[in-house]
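Here are the chains, one letter per residue:
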Amino acid sequence: VEIISAFETSMMFAAIPTLIVEFDSNASTVGWAVTAFLLVSAASAAVCGRLGDMYGRERILMVLLAVAALGSMVSALGDSLTSIIIGRAIQGVAGAILPLCIGLAREHLPASRVPVAVALISGSAVAAGSASLLVAGLLIDNASWHMIFVVAAVYAVFALLLVWFVLP
């Protein structure tokens with residue numbers, strides 16, 4: 001599940017040159033697609049951990065995944081840099097996925113297995129962040145910049161279904 005957050009964080013770096021050309025813009029303007037995501041991500045990570053404690057980590061995780069999918073679709077269907085930036089800001093809620101996943105590991109696993117689970121969660125995030133640059137580059141080169149957002153939306157929905165049906 002954490003892979004979606006890492007993918008959404010890194011995928012934009014591959015798209016920046018394409019978006020500069022596509023929208024006849026500059027790096028500082030297109031950079032807001034990254035900045036908006038990171039600002040919302042930081043706020044989300046700070047707030048959603050507490051919300052997970054209050055309302056249940058699984059429930060908050062499913063809401064975050066649904067909102068991230070919505071943000072991906074806003075960016076994918078948009079035809080302007082502004083719509084991409086707005087969609088990326090909405091996607092930023094995915095920043096709370098990592099702390100929620102670690103909390104879920106602590107909640108559902110025996111204490112002796114938590115360190116291994118945290119290592120697996122963190123390792124998958126690092127691997128997904130690296131792989132997302134390759135995947136995003138391939139999608140942009142062989143299809144369109146819209147496709148990186150479509151793939152992110154599909155993956156967020158898939159992760160939501162996994163949480164819904166697999167987590168206890």
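Below, the structure is looked at part by part.

What counts, and at which threshold
Residues numbered from 1 in each chain as written. Predicted model: local features only at pLDDT ≥ 70, side-chain atom pairs only at ≥ 80, totals over all residues. Heavy atoms only, no water. Phe/Tyr/Trp six-rings, centres within 6.5 Å; stacked < 30°, edge-to-face > 60°. Helix = DSSP H or I, 4+ residues; strand = E, 2+ residues; numbered from the N terminus. Buried < 20%, exposed > 50% of the residue type's maximum accessible area, 1.4 Å probe, protein only. Core = buried A, V, L, I, M, F, W, Y, C linked by side-chain atoms within 4.5 Å. Contact = heavy atoms within 4.5 Å.

Turning next to the packing of aromatic side chains. In this structure the tally under the stated criterion is 4 aromatic pairs. Pairing F23 with W145 gives two aromatic rings, centres 5.7 Å apart and planes at 65 degrees, and the pair type is edge-to-face. Of this pair, F23 sits in the loop between α1 (2-22) and α2 (27-30) while W145 is found in the loop between α7 (114-142) and α8 (146-166), placing the two residues 122 residues apart along the sequence. Residue W145 is classed as buried on the basis of its relative accessible area of 4%. Seen from their ring centres, Y155 and F158 are 6.3 Å apart, and the 40 degrees between their planes marks the pair as tilted. In this pair, Y155 and F158 both sit in helix α8, 3 residues apart, roughly one turn of the helix.

With 22 residues, the main nonpolar core has L61, L64, L65 and I97 as its most contacted residues. Those elements giving two or more residues to this core turn out to be α4 (57-77), α6 (97-108), α7 and α8. Ranked by residue count, the leading element in this core is α4, at 6 residues. Contact partners of L65, with chain neighbours within four places excluded, come to V1, I4, I97, A156, A159, L160 and V163. F7, L19, L81 and I140 belong to the second largest nonpolar core, which has 19 residues in total.

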